[in-house]
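What the coordinates show
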Amino acid sequence: EDQVTQSPEALRLQEGESSSLNCSYTVSGLRGLFWYRQDPGKGPEFLFTLYSAGEEKEKERLKATLTKKESFLHITAPKPEDSATYLCAVQADYGQNFVFGPGTRLSVLP
Amino acid sequence: ETGVTQTPRHLVMGMTNKKSLKCEQHLGHNAMYWYKQSAKKPLELMFVYSLEERVENNSVPSRFSPECPNSSHLFLHLHTLQPEDSALYLCASSQDWGGAGYTFGSGTRLTVV
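Overview of the structure. Just so it is clear, the structure is predicted and the values come from calculations on it, not from any experiment.

Residue and element names in this part refer to chain A. Note on placement: glutamate 55 falls in the loop between strand E5 (45-50) and strand E6 (56-59). With a relative accessible area of 19%, glutamate 55 lands in the buried category. At 2.6 Å, the side chain of glutamate 55 forms a polar contact with the backbone nitrogen of tyrosine 51. Excluding residues within four positions of it along the chain, glutamate 55 makes contact with Thr49, Leu50, Ala64, Thr65 and Leu66.

All right, on to the sheet that holds E6(A) then. Residues and elements named next belong to chain A. The strand order across the open sheet formed by five strands is E1-E3-E8-E7-E6, and the pairing between neighbours is antiparallel. Of all strands in the sheet, those bounded by a partner on one side alone are strand E1 (3-7) and E6. Between one strand axis and the next, the sheet turns through 15° on average, direction left out of account. Here E6 pairs with strand E7 (residues 62-66) via four bridges, running antiparallel. Within E7, the position partnered with lysine 57 by the bridge is alanine 64.

Turning our attention to the environment of Leu110(B). Residues and elements named next belong to chain B. Position of leucine 110 among the secondary structure elements: in strand E11 (residues 108-112). As a C-alpha pair, leucine 110 and leucine 11 span 99 residues in sequence and 4.9 Å in three-dimensional space. When neighbours within four sequence positions are excluded, leucine 110 is seen to be in contact with Leu11, Met13, Leu78, Leu81, Asp85, Ser86, Ala87 and Tyr89.

Residue and element names in this part refer to chain A. Note on placement: arginine 61 falls in the loop between E6 and E7. A distance of 2.8 Å separates a polar atom in the side chain of arginine 61 from a polar atom in the side chain of aspartate 82. For arginine 61, the residues in contact, after removing those within four places along its chain, are His74, Ile75, Thr76, Ala77, Pro78, Lys79, Glu81 and Asp82.

Another aspect to go through is the layout of surface pockets. Residue and element names in this part refer to chain A. Within this model, the largest pocket holds a volume of roughly 530 Å³. Secondary-structure elements contributing two or more residues to the lining of the largest pocket are strand E9 (84-92) and strand E11 (104-109). In terms of residues, the lining of the largest pocket owes the most to one element, E11, which gives three residues. Classifying every residue of the lining of the largest pocket gives six nonpolar, seven polar and seven charged.

Rules used in this analysis
For every chain, the first residue of the written sequence is number 1, and numbering continues from 1 onward in sequence order. By the order in which they are written, chains take letters starting at A while ligands take numbers starting at 1. Residue-level local features of this predicted model are given only where pLDDT is at least 70; pairs of side-chain atoms are given and counted only at 80 or more, and the full residue set underlies all totals for whole chains, interfaces and linings. Excluded from the side-chain calculation are hydrogens and water; included are all heavy atoms of the structure. Secondary structure is summarised from DSSP: a helix means a run of H or I of at least four residues, a strand means a run of E of at least two, and numbering begins at the N terminus for each. Relative accessibility under 20% of the residue-type maximum defines a buried residue, over 50% an exposed one, and the middle range a partly exposed one, all with a 1.4 Å probe and only protein chains included. Polar contact criterion, stated in full: a pair of N or O atoms within 3.5 Å, where within protein one must be able to donate a hydrogen and the other to accept it, and residues adjacent in sequence count only if both atoms are side-chain atoms. We call two residues in contact whenever any of their non-hydrogen atoms come within 4.5 Å of each other. Two strands qualify as a pair provided DSSP detects at least 2 bridges between them. A fitted line through C-alpha atoms represents every axis, and for helices the fit uses only the stretch in contact; the resulting angles, taken between N-to-C directions, go from 0 to 180 degrees. The distinction between a cavity and a pocket rests on a 1 Å grid over the protein atoms alone: a 1.4 Å probe fits inside a cavity but cannot get out, while a pocket stays open yet meets protein on both sides within 12 Å along at least five of seven lines, and a residue with an atom within 4 Å of a point counts as lining. Grid points are joined across faces, edges and corners, and a volume is the space filled by probe spheres set on the points. Residues are grouped as follows: Ala, Val, Leu, Ile, Met, Phe, Trp, Tyr, Cys and Pro are nonpolar; Asp, Glu, Lys and Arg are charged; every other residue, Gly included, is polar.

Right, here's the structure in full:
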């Protein structure tokens, strides 16, 4: 069974304090790994898609990386507006549907 | 402003009521999805429609009934719900079923009393 876990469950950072969020997955064959950001009271917003080990994507203060077992979302010098829940999802190569992880709730304090 | 619009944003209903959630997308996408998001649990896929045809029904209780009258609209009809059905219900769309980068709506926060 395909599984996605994320750690930590919650993370509190000071503004400017860089850190990383982890997404570990178990899937027989990976078609793609996706990162989303979700603000309170809103739906998830698409951030990145990664397809193969070694791939990296960047957007402003965020950088996503992928290995054969996990993905990291690195946040460099975060700002309070980066506070949100970050969701990871995987898509297996034998199907169309996504499996989502439970998310990491990030709080960045000024 | 997201290209996927959900109404209502909030809904409180009794266990004997019947209500419907509405989702509309203006992106020209061919696939639409209903997800359930409960506190501290991963998003759960409920239904998938591709080209207006239901292609996935993830063992969802019959008290939830989806409808897709055309490629731009998706409904979730609710009847005789239970308190444990209280959750955020999210609609999403993608260019094709399984396509990358879902666009989500803002959700309907449902409370069953």
